[in-house]
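# Reading the structure
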Amino acid sequence: MDRTILHLDLDTFFVSVERRLDSRLNHKPILVGGTGDRGVVAACSYEARSFGVHSGMPMKMARMMCPEAIVIRGEAGTYTQHSKVVTEIIREAVPLFEKASIDEFYADLSGMDKFFGCYHMASELRQRIIRESGLPISFGLSTNKLVSKVATGEAKPNNQLKIDWGTEKEFLAPMPVKKIPMVGEKTNQILYNLGIKQVRTIQEMPMEMMGTVLGKNGLLLWNRAHGRDESPVIPFHERKSISNERTFGKDTGDLRRMREMLRAMGENLAFQLRNGNKLTSCVSVKIRYADFNTYSRQLKIPYTSADHVLIPHIEHLFDQLYNRRMLVRLIGVNFSDLVSGHYQINLFDDTEEKLNLYQAMDHIRNRYGYNSKGSPILSWGTTLGIPNMGSMGNPFNGEPPIIPAHRNA
Ligand SMILES: [Mg+2]
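Every value quoted in this text rests on a predicted model; they were computed, and no experiment measured them.

## Overview of the nonpolar core
Leu6, Leu31, Ala107 and Ile314 are the most contacted members of the largest nonpolar core, which totals 89 residues. For this core, the element with the most residues is helix α12 (residues 255-275), which contributes eight residues.

In structure tokens, the structure reads:
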């Protein structure tokens, strides 16, 4: 059955939120990010981009390239709030939608044609979002997620584009290969070295050849280049949470031990988030007492995947929850309200150094199952009974866990 998939993406989201709060920022080059000497650009306006500035760049360099830019230290909480406003508008308007990131959504409009045209409906939804949130948003509409996402990119800024059934291949043909979302810097370079610059070239190649060059990804890319993508819209409310809990062998009142374990669980879960490219905006802590009475407490927070943000919340929730009157049988931590997104959301608070530190730590965990200080991160797991997350790979992609070679024996 033919599908109708809508992709919506807020334009320069952080910048637009700042402009919504202060209209004097309109039409000016804006940099949002860490304002310290070692800060990083998290987002920039189109006016700043024309100076060659892009996100992820050191703020210092961006300021040199575009000295007249207004630099704003962003605030994750404000953006999370605005993201939720837009989410609620979409939730009301369509029966099935996916929140792909803080500023990006898919909706499955299949079968809604009978009542009124999907394009008409999408246009009305877009106008409503602009009116009610005050934020510019663009959309692409087609038969699948991939083509709609590319169409949104072509429509930007603040516009919309429909790709009719049967024209997907010809729509993609003239584009540079890196416009296909799965083509990163590395793949682009491999293709470039082979003389493949346009999507059209991939379309003209035999499928087997792409397979030979890029393996399994090559076949996927070949299909994408033809505008084919079967992936479903994953309903927002079904997005899973991640959690970790531990029943003590013997009920305990050892506060230090409990706090240590909560920290370890928080670290492991945050690592899983980053590894799966996810952010959470709801933390909860659970305590089950010796009499089996179970209590939990949750806190809504700005989207994050950083240990140094999450762990203090966990500790605080535990302190609020724990009554010290009875021994504890079980404690647990849960992160829910997950969306896809990079650690980048916390760039405002953080320096490039901290960001690099997280990346380095995660790399070490992924590679060796050791933490940055050289002790096996299993030590928590083995002493406290927490499964080792260092060897789990990405918990969100359904792939089986990767077992490091040195643990095979
Ligand atoms: Mg966006």
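## Examining helix α13 (residues 307-321)
When the terminal C-alpha atoms of α13 are compared, their 21 Å separation across 15 residues agrees well with the 21 Å that a helix rising 1.5 Å per residue should span. Those residues of α13 not exposed but buried are Asp307, Leu310, Ile311, Ile314, Leu317 and Phe318. All buried residues of α13 project into a common sector of 125° when viewed along the axis, lining one side. Opposite the packed face of α13, turned more than 90 degrees from it, sit the exposed residues Pro312, Asp319 and Gln320.

## Focus: the sheet that holds strand β8 (residues 160-162)
The five strands lie next to each other as β5-β6-β1-β7-β8, forming an open sheet whose pairing is mixed. Every other strand in the sheet has two partners, leaving β5 (97-101) and β8 as the edge strands with one partner each. With direction set aside, neighbouring strand axes in the sheet form an average angle of 15°. The pairing of β5 with strand β6 (residues 104-108) spans four bridges and is antiparallel. Among the inter-strand pairings, Glu98 is bridged to a residue of β6, identified as Tyr106.

## Some words on the packing of α12 against α13
Two elements in contact, α12 and α13, have axes separated by 9 Å at closest approach and are oriented at 145°. Here α12 runs over α13; the crossing is right-handed. Contacts from Arg259, Leu262, Arg263, Gly266, Glu267 and Ala270 of α12 reach α13 at Asp307, Leu310, Ile311, Ile314, Glu315 and Phe318. When its residues are assigned to classes, the contact of α12 with α13 shows six nonpolar, one polar and five charged.

## As for the UniProt feature "binding site: Mg(2+)" (unreviewed entry) in the protein chain
Annotation from UniProt places "binding site: Mg(2+)" (unreviewed entry) at Asp9 and Asp103. A compact arrangement is adopted by the annotated residues: their sequence extent is 95 residues, whereas the largest C-alpha distance between any two is 5.8 Å. Following the sequence through the fold, Asp9 ends up in strand β1 (residues 5-10). Here Asp9 falls in the buried class, since 21 other C-beta atoms lie within 10 Å of it. In this view, Asp9 contacts Asp103, Glu104, Ile137, Ser138 and Thr152; residues no more than four positions away in its chain are not counted.

## Here we look at the sheet that holds strand β3 (residues 41-44)
Taking strand neighbours across the sheet as the criterion, the three strands line up as β3-β2-β4 in an open arrangement whose pairing is mixed. Of all strands in the sheet, those bounded by a partner on one side alone are β3 and β4 (70-72). For this sheet the average axis-to-axis angle between neighbouring strands, irrespective of direction, equals 25°. Pairing between strand β2 (residues 30-33) and β4: three bridges, direction parallel. Note that in β4 the partner of Leu31 across the bridge is Val71.

## Some words on the environment of Arg63
Mapping Arg63 onto the fold places it in helix α3 (residues 59-65). Separated by 15 residues in the primary sequence, Arg63 and Ala48 place their C-alpha atoms 9.8 Å from one another. Dropping the residues within four chain positions of it, Arg63 is found in contact with Ala69 and Val71.

## Looking at the UniProt feature "site: Substrate discrimination" (unreviewed entry) in the protein chain
UniProt's entry tags Phe14 with the feature "site: Substrate discrimination" (unreviewed entry), counted in the numbering of this structure. Take Phe14: it is sitting in helix α1 (residues 13-21). Note on Phe14: 30 C-beta atoms within 10 Å, which makes it buried.

## Digging into the environment of Tyr46
With respect to the helices and strands, the residue Tyr46 is situated in helix α2 (residues 46-49). Put simply, Tyr46 and Lys28 are 18 residues apart on the chain and 8.8 Å apart in space, counted from C-alpha to C-alpha. Among residues more than four places away in sequence, those in contact with Tyr46 are Thr12 and Pro157.

## What about the packing of helix α4 (residues 76-93) against helix α5 (residues 118-133)?
It is the contact of α4 with α5, at a shortest axis distance of 10 Å, that shows an interaxial angle of 145°. As α4 runs across α5, the sense of the crossing is right-handed. In contact with His82, Val85, Val86, Ile89 and Ala93 of α4, α5 contributes Leu125, Arg128, Ile129, Glu132 and Ser133. Tallied by class, residues from the contact of α4 with α5 come to six nonpolar, two polar and two charged.

What counts, and at which threshold
Residues numbered from 1 in each chain as written. Predicted model: local features only at pLDDT ≥ 70, side-chain atom pairs only at ≥ 80, totals over all residues. Core = buried A, V, L, I, M, F, W, Y, C linked by C-beta atoms within 7 Å. Buried ≥ 20, exposed ≤ 12 C-beta atoms within 10 Å, placed from the backbone. Helix = DSSP H or I, 4+ residues; strand = E, 2+ residues; numbered from the N terminus. Expected span 1.5 Å × (residues − 1). Arc of directions from axis to C-beta. Pairing = 2+ DSSP bridges. Axes fitted to C-alpha atoms, helices over the stretch in contact; angles between N-to-C directions. Left-handed = near helix turned anticlockwise from the far one by under 90°. Contact = placed C-beta atoms within 7 Å. Nonpolar A, V, L, I, M, F, W, Y, C, P; charged D, E, K, R; others polar. UniProt positions renumbered as here; feature names shortened; annotations may be inferred.

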